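Fold and geometry: a report
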Amino acid sequence: VAPVAAPAVPVINLTLTQNAYADRFVDMDYGIRLNIRDGRANHNILQKYDASAISLPAVRVNPEITSFVSESMRRYMRTMGFNLDADIATDYMMSVTIKEFSVNFLSGIGWAGTVHLNVEVSDSDRQLVYPNVTVTGRASANSSASDFAAANRVMNEAYANALEDVDWDRIAFFLIKSSTAALEGNKQVSGDGDTALESTVI
């Protein structure tokens, strides 16, 4: 009798499916550091699967979620022009806590991916300048319970949507020394036309 092959364990391959706007923020005065923390209450990527009343299928994640978020978010921010790990004395710190990173299957609805990230930014003195804000990304696909390719797709889509939900403009604002001509009155006008004062049409 031929041995019965064990069913293959489905794999959710995490990948950054959406590119950031290149060079959206350039020539910022301060660098920024990224600290990613896993704060999930439930570490299973698949938490609800009502196609089977008995048990949740085992699902593997590749790569591991915290390292994926850390690496992909760095790449995303570098593409936008953020200067990561520039100078430990003056860098701002962006702390991101992963609160949820899951894909679920519900009969009649299909696959739904959800990502919740808590984001806060502190200055070099560790004073909070951007309060703890939760960003959310969701995606769904009406597909069959065995279609783990759809599960994979919605998970990556949900993560891309969460990254888009971050207020990058607001974060970039803190990394520029001053943004108006009034605030730059004490800056030396060098004639290069690169301060707000020199850009103001008189």
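Since the model is a prediction, treat every value here as computed from it, not as a measurement.

1. Let's talk about the pattern of salt bridges
Following the criterion strictly, the structure yields 6 salt bridges and no others. Note that Arg33 is salt-bridged to Asp85, the shortest N-O span being 3.7 Å. Here Arg33 is found in strand E2 (residues 32–38), whereas its partner Asp85 is found in the loop between helix H1 (65–80) and strand E5 (92–106), with 52 residues between them in sequence. With a shortest N-O distance of 3.4 Å, Arg74 and Asp85 are connected by a salt bridge. Linking Arg74 in helix H1 with Asp85 in the loop between H1 and E5, this pair joins segments that are 11 residues apart in sequence. One connected set of salt bridges, linked through shared partners, spans Arg33, Arg74, Asp85 and Asp91.

2. As for the pairing of strand E7 (residues 128–141)
Note: strand E6 (residues 110–122) against E7, 11 bridges, orientation antiparallel. From the neighbouring strand, His116 faces E7, where its bridge partner is Thr136. What sits between E6 and E7 in their antiparallel hairpin is a turn of 5 residues, with Arg126 showing a positive phi close to 65 degrees.

3. Brief notes about the packing of aromatic side chains
Tallying each qualifying case throughout the model produces 12 aromatic pairs. Ring-pair connections join several aromatic residues into one group, and the members of that group are Phe25, Tyr76, Phe82 and Trp168.

4. Observations concerning the confidence of the model for the chain
Per-residue confidence for the chain gives a mean pLDDT of 86, with 83% of residues at or over 70. Counting contacts from residues 181–202, a segment whose pLDDT is below 50, to residues more than four positions away or on other chains yields 19 contacts.

Conventions we followed
Residues numbered from 1 in each chain as written. Predicted model: local features only at pLDDT ≥ 70, side-chain atom pairs only at ≥ 80, totals over all residues. Heavy atoms only, no water. Salt bridge = Lys/Arg side-chain N within 4 Å of Asp/Glu carboxyl O. Helix = DSSP H or I, 4+ residues; strand = E, 2+ residues; numbered from the N terminus. Pairing = 2+ DSSP bridges. Phe/Tyr/Trp six-rings, centres within 6.5 Å; stacked < 30°, edge-to-face > 60°. pLDDT = per-residue confidence, 0-100. Contact = heavy atoms within 4.5 Å.

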